[in-house]
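One letter stands for each residue in the lines below.
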There are 2 protein chains.
Amino acid sequence: MSERPRRVTRQQQAITAALQGRDDFRSAQELHAQLRSGGATIGLATVYRTLQALADEGLIDMLRTEGGESLYRACSRGHHHHLVCRTCGRTVEVEADDAERWAIRTATAYGFTDVEHTLEIFGRCASCSGSGG
Amino acid sequence: MSERPRRVTRQQQAITAALQGRDDFRSAQELHAQLRSGGATIGLATVYRTLQALADEGLIDMLRTEGGESLYRACSRGHHHHLVCRTCGRTVEVEADDAERWAIRTATAYGFTDVEHTLEIFGRCASCSGSGG
DNA sequence: GCATCAACTGAGAATGATTCTCATGTTCGT
DNA sequence: ACGAACATGAGAATCATTCTCAGTTGATGC
């Protein structure tokens, strides 16, 4: 349960910087491509490792698309959830205190411990609602 | 938006029967292995196709594990969510009317339409809490 | 019962994201 | 600067899922 010491490397700084620069979710693959095209020398494995480690420590935010792909984003506050536009990918951070409490209460009621939950809302945002149907 | 006509084949019946027989979630791979070891002649692709088609029509229930694997189960009622034990895999169906309403309300408040959501709760059930920690 | 045709099937290849391997490169403590 | 442990990265390996396409089978008409 204790976090291991982590060395400060050029690659990790590059990843962190790339995340800080923007506020949209990106996959490890995208991030890797962007870093490479930005001149950085970094391997895909390192991007995956670093993103997972950061997400693990709660330093960045992660969500999984319906296609099973993991997306990452620089994340601010503690625990929250996302409203994702399935057309343009825009995301809105939402706080889900109620839903959260409900999840924990429900799980506890059934005798479950060590409870975690995933909650993502997918839809079409106002800008994209007009187009395809 | 209209469901295509579907022929009644031996394979689909086998899959449906296998699902009806039990009440736990299984992956397409597991289901395939079970059908094969049960003497059925069925291909993996068919299992995947059929499960997806059934889930698509809402005839069976599907959830995605944290590892990104899709699990299926014969499903009764309409929309609901699951409480999954991460140790023994036991699942409890829970109704999440409140959480549901919250999700829709929140999404609508942000101008989103065509809203869907995923909500899974993972934890350790009472039977498994005693063991490993 | 038999022919016909389109939908269904299935073995294996293809795909695509993620993880693993392990030799090499870096960081950190001294 | 030195050494040792940790990090890196190119590419292979893994693993679930999807695709391909020729052969099979169910539904239908006669």
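Overview of the structure. (Residues numbered from 1 in each chain as written. Chains lettered and ligands numbered in written order. Predicted model: local features only at pLDDT ≥ 70, side-chain atom pairs only at ≥ 80, totals over all residues. Heavy atoms only, no water.)

**Remarks on the packing of helix α1 (residues 10-21) of chain B against helix α3 (residues 44-56) of chain B**
Residue and element names in this part refer to chain B. Taken N-terminus to C-terminus, the directions of α1 and α3 make an angle of 65°; their axes are 10 Å apart at the nearest point. Taken together, the axis directions place α1 and α3 in an arrangement best described as roughly perpendicular. In the packing of α1 onto α3, the handedness of the crossing is right-handed. Here α1 contributes Gln11, Gln12, Ile15, Thr16 and Leu19 to the contact with α3, which in turn contributes Thr46, Val47, Thr50, Leu51 and Leu54. (Axes fitted to C-alpha atoms, helices over the stretch in contact; angles between N-to-C directions. Helix = DSSP H or I, 4+ residues; strand = E, 2+ residues; numbered from the N terminus. Parallel < 35°, antiparallel > 145°, perpendicular 65-115°, else oblique. Left-handed = near helix turned anticlockwise from the far one by under 90°. Contact = heavy atoms within 4.5 Å.)

**Focus on the sheet that holds strand β1 (residues 26-27) of chain B**
Residue and element names in this part refer to chain B. With antiparallel pairing, the three strands of this open sheet are ordered in space as β1-β3-β2. The open sheet has two edge strands, β1 and β2 (60-64), and neither has a second partner. By the bridge criterion, five bridges tie β2 to strand β3 (residues 70-74) in an arrangement that is antiparallel. The partner of Met62 across the bridge, within β3, is Tyr72. (Pairing = 2+ DSSP bridges.)

**Details of the interface of chain A and chain B**
Interfaces are often described in size by the accessible area the parts lose on coming together. In this assembly, 37 residues from chain A lie in contact with 37 residues from chain B. Summing both partners gives a buried area of about 3,000 Å² for chain A against chain B, and 61% of it is carried by carbon and sulfur. Inspection of the chain A/chain B interface yields two salt bridges. Of the charged contacts in the structure, one is a salt bridge between A:Arg124 and B:Asp114, with a shortest N-O distance of 3.1 Å. (Buried area = accessible area lost by both parts, 1.4 Å probe. Salt bridge = Lys/Arg side-chain N within 4 Å of Asp/Glu carboxyl O.)

Don't take any of this as a statement about function, it's just geometry.
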